[in-house]
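# Remarks on the overall topology
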Amino acid sequence: MKGLPYFTRDVKYIEPIYDPTYMCQAVSDSGIVQYKKSSENWLNEYLTYFYATNLSAIRKHVQLNFNIHRMIPICVDLEYQFIMFPLNSNNNKNVYFINLAKVYRCIKRESGTTIEFICGDTLDVEISYNQCESQYVKATQIYDRYVKFRHFRRRYLSAETKKTMYNIN
């Protein structure tokens, strides 16, 4: 992958940073990867390179099928429960993206929220608890519905066709 540093599915979150060279970084158990463009641009390039889609297509799909129109969670890969949800909106599109599969819980603080991850690490953000919890709920609803659709489709396609007889009296 020329010039595009990439993150893996074990990423916990992507956060904006204030550095003269880099705009954001992806934090995972295996380390930190930094990127020169915004977090949305990075996620868009990642989706284009690995999945042949982009943010606008995924957002349009979620708007049509899940009726979510603002701060839309991004389903990257269902096999690995890799759904990234934004915590805030920003004009320059450099926002926090949190990996749903890695989140354990959100804890309310006086001036923001602490996000606790399954591995025990925490992230303090200056975003309201209600907004963080709302985004988490949206992402879990999307994941839940995708899993149900996949399970139903698999069951439907594997079922043998049986003739059903109806008696009308």
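Our subject is the structure listed above.
Parameters and conventions
- Residues numbered from 1 in each chain as written.
- Predicted model: local features only at pLDDT ≥ 70, side-chain atom pairs only at ≥ 80, totals over all residues.
- Heavy atoms only, no water.
- Core = buried A, V, L, I, M, F, W, Y, C linked by side-chain atoms within 4.5 Å.
- Buried < 20%, exposed > 50% of the residue type's maximum accessible area, 1.4 Å probe, protein only.
- Contact = heavy atoms within 4.5 Å.
- Pairing = 2+ DSSP bridges.
- Helix = DSSP H or I, 4+ residues; strand = E, 2+ residues; numbered from the N terminus.
- Patch = residues over 30% accessible without salt bridge, like charges linked within 9 Å, V, L, I, M, F, W, Y side chains within 5 Å.
- Areas by Shrake-Rupley, 256 points an atom, 1.4 Å probe, with all protein chains shown as cover.
- Salt bridge = Lys/Arg side-chain N within 4 Å of Asp/Glu carboxyl O.
- Axes fitted to C-alpha atoms, helices over the stretch in contact; angles between N-to-C directions.

A separate point is the nonpolar core. In terms of nonpolar packing, the biggest core is built from 43 residues, with Phe-7, Ile-14, Leu-43, Leu-87 and Ile-98 touching the most fellow members. With near-sequence residues (within four places) excluded, Leu-43 lies in contact with Phe-7, Leu-55, Ile-74, Val-76, Met-84 and Phe-97.

Our next topic: the pairing of strand 3 (residues 31-35). Pairing between strand 2 (residues 24-28) and strand 3: 5 bridges, direction antiparallel. Counted as the bridge partner of Ser-28 is Gly-31 from strand 3. Count of turn residues in the strand 2/strand 3 antiparallel hairpin: 2 residues.

A word on the pairing of strand 5 (residues 82-86). The side chains of a regular strand alternate between the sheet's two faces. Most of strand 5 sits out of view: 5 of its 5 residues are buried. Residues of strand 5 alternate between two faces, with Phe-82, Met-84 and Pro-86 on one and Ile-83 and Phe-85 on the opposite face, all of them buried. Here strand 4 (residues 74-77) runs beside strand 5; their pairing, made up of 3 bridges, is antiparallel. Residue Ile-74 lies in a different strand from strand 5, and its bridge partner there is Met-84. Here strand 4 hands over to strand 5 after 4 residues, with Gln-81 in that stretch at a positive phi of 55°.

What follows covers a nonpolar patch on the surface. On the surface, Tyr-6, Tyr-49 and Phe-50 cluster together into a nonpolar patch covering about 340 Å² of accessible area. Within the secondary structure layout, Phe-50 lies in helix 1 (residues 39-51).

The next point concerns the sheet that holds strand 5. What the 6 strands build is an open sheet, ordered 3-2-1-6-5-4; its pairing is antiparallel. The sheet is open, and its two edges are formed by strand 3 and strand 4, each paired on a single side. Sheet twist, expressed as the average angle between the axes of neighbouring strands with direction ignored, equals 20°. Of the pairings in the sheet, the one linking strand 1 (residues 11-16) to strand 6 (residues 97-99) comprises 2 bridges and is antiparallel in character. Across the sheet, the residue bridging to Ile-14 is Phe-97, located in strand 6. In the packing of helix 1 onto the sheet, contacts are made with strand 1, strand 2, strand 3, strand 4, strand 5 and strand 6, and the angle to strand 4 comes to roughly 40°.

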